[in-house]
Amino acid sequence: SSGDSYNTVQSVLGGLGLNGLIDAIGEVTTNENGEIERNIKVTILKSKAMLQPKLAEAIQCAGPFWEEGFILEDVSAQVVVTNEGVWVSDVCGSVGAGEINASMDILGGDYKLRLQGTNWPISDNLVYLLPPSASEKLAESWFLLEPSGFLNADLRIINNNGESDF
């Protein structure tokens, strides 16, 4: 339902800790059955995102996978909200020399998140990006090896009926 889509969006946006500017335009009408019809386009620009633990929970990761105080700069995105769902596209942001590009389709409680990171700083907590079952198995080795540096990654997370596939 559209209510589930909005709950998912609210969790993700709350987890982003987004501060910045938006421009919104669209229509909200009532159809012949008395139901509200939505078609809203939102542009996010000149924003910053200070990631919050709620983000990891919203996308069903084991925990926050970034360093404390991590801030994404120059965040921009396009968002379309309809009765069927929410589509987020053209997401861009940067941290130092690193860049992120992403998109997310949210239909009810289900979603598809696609993320591409280049020159992304490897955090001590990166192992928590995985689902809890995988993270638990790898965490001890991860912390023993203490990886560092930067990475390029393509990530896809699909959530159907409460089950995530990475």
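What you are looking at is a predicted structure, and each value in this text was computed from that prediction instead of being measured.

Chemist: Describe the nonpolar core, and please don't skip the residues or the numbers.
Modeler: Membership of the largest hydrophobic core comes to 33 residues, with the highest contact counts inside it found for Ile59 and Met104. A per-element tally of this core places strand β3 (residues 71–82) first, with five residues. Apart from residues no more than four positions distant in its own chain, methionine 104 is found in contact with Val12, Ile59, Val86, Trp87, Val88, Tyr111, Lys112 and Leu113.

Chemist: Which residues make up the pairing of strand β1 (residues 18–30), and what values do they have?
Modeler: Within β1, only zero of the 13 residues are buried, leaving the element largely exposed. Examined bridge by bridge, β1 and strand β2 (residues 36–50) share twelve bridges and lie antiparallel to one another. Paired with valine 28 across the bridge in β2 is arginine 38. Counting the residues between successive antiparallel strands, the hairpin from β1 to β2 contains five residues, one of them, glycine 34, with a positive phi of roughly 80°.

Chemist: I'd love a proper account of the pairing of strand β4 (residues 86–95), names of residues and values included.
Modeler: Strand direction decides the pairing type here: β3 and β4, joined by six bridges, are antiparallel. The residue bridging glutamine 78 from the neighbouring strand is serine 89, located in β4. Bridging between β4 and strand β5 (residues 98–107) involves eight bridges; their strand directions are antiparallel. Within β5, the position partnered with valine 88 by the bridge is methionine 104.

Chemist: Hey, could you go over the layout of surface pockets for me, with residue numbers and the actual values?
Modeler: Put simply, the largest pocket is a space of about 800 Å³. For the largest pocket, the lining is made up of 40 residues, of which Leu16, Leu55, Ile100, Ala102 and Leu115 are closest to its centre.

Chemist: So what about the packing of aromatic side chains? Which residues, and what values?
Modeler: Ring pairs (aromatic) are described by centroid distance and by the angle formed between their planes. Following the criterion strictly, the structure yields three aromatic pairs and no others. The interplanar angle of 80° and the centroid separation of 4.8 Å between the aromatic rings of phenylalanine 65 and tryptophan 66 together place this pair among those described as edge-to-face. Take phenylalanine 65: its relative accessible area is 17%, and that puts it in the buried class. On the accessibility criterion, tryptophan 66 (7% relative accessible area) is buried. Ring plane angle 55° and centroid distance 6.0 Å describe the contact between tyrosine 128 and phenylalanine 143, whose orientation is recorded as tilted. Pair noted here: tyrosine 128 is in the loop between β6 (110–121) and α3 (132–145) and phenylalanine 143 is in helix α3, with a separation of 15 residues, a long-range link. Residue classification places tyrosine 128 among the partly exposed residues on the basis of a relative accessible area of 26%.

Conventions used here
Residues numbered from 1 in each chain as written. Predicted model: local features only at pLDDT ≥ 70, side-chain atom pairs only at ≥ 80, totals over all residues. Heavy atoms only, no water. Core = buried A, V, L, I, M, F, W, Y, C linked by side-chain atoms within 4.5 Å. Buried < 20%, exposed > 50% of the residue type's maximum accessible area, 1.4 Å probe, protein only. Helix = DSSP H or I, 4+ residues; strand = E, 2+ residues; numbered from the N terminus. Contact = heavy atoms within 4.5 Å. Pairing = 2+ DSSP bridges. 1 Å grid on protein atoms, 1.4 Å probe; cavity = no way out; pocket = protein on both sides within 12 Å on 5 of 7 lines; lining within 4 Å. Points joined across faces, edges and corners; volume = space filled by probe spheres on them. Phe/Tyr/Trp six-rings, centres within 6.5 Å; stacked < 30°, edge-to-face > 60°.

Worth remembering: the numbers are spatial, not functional.
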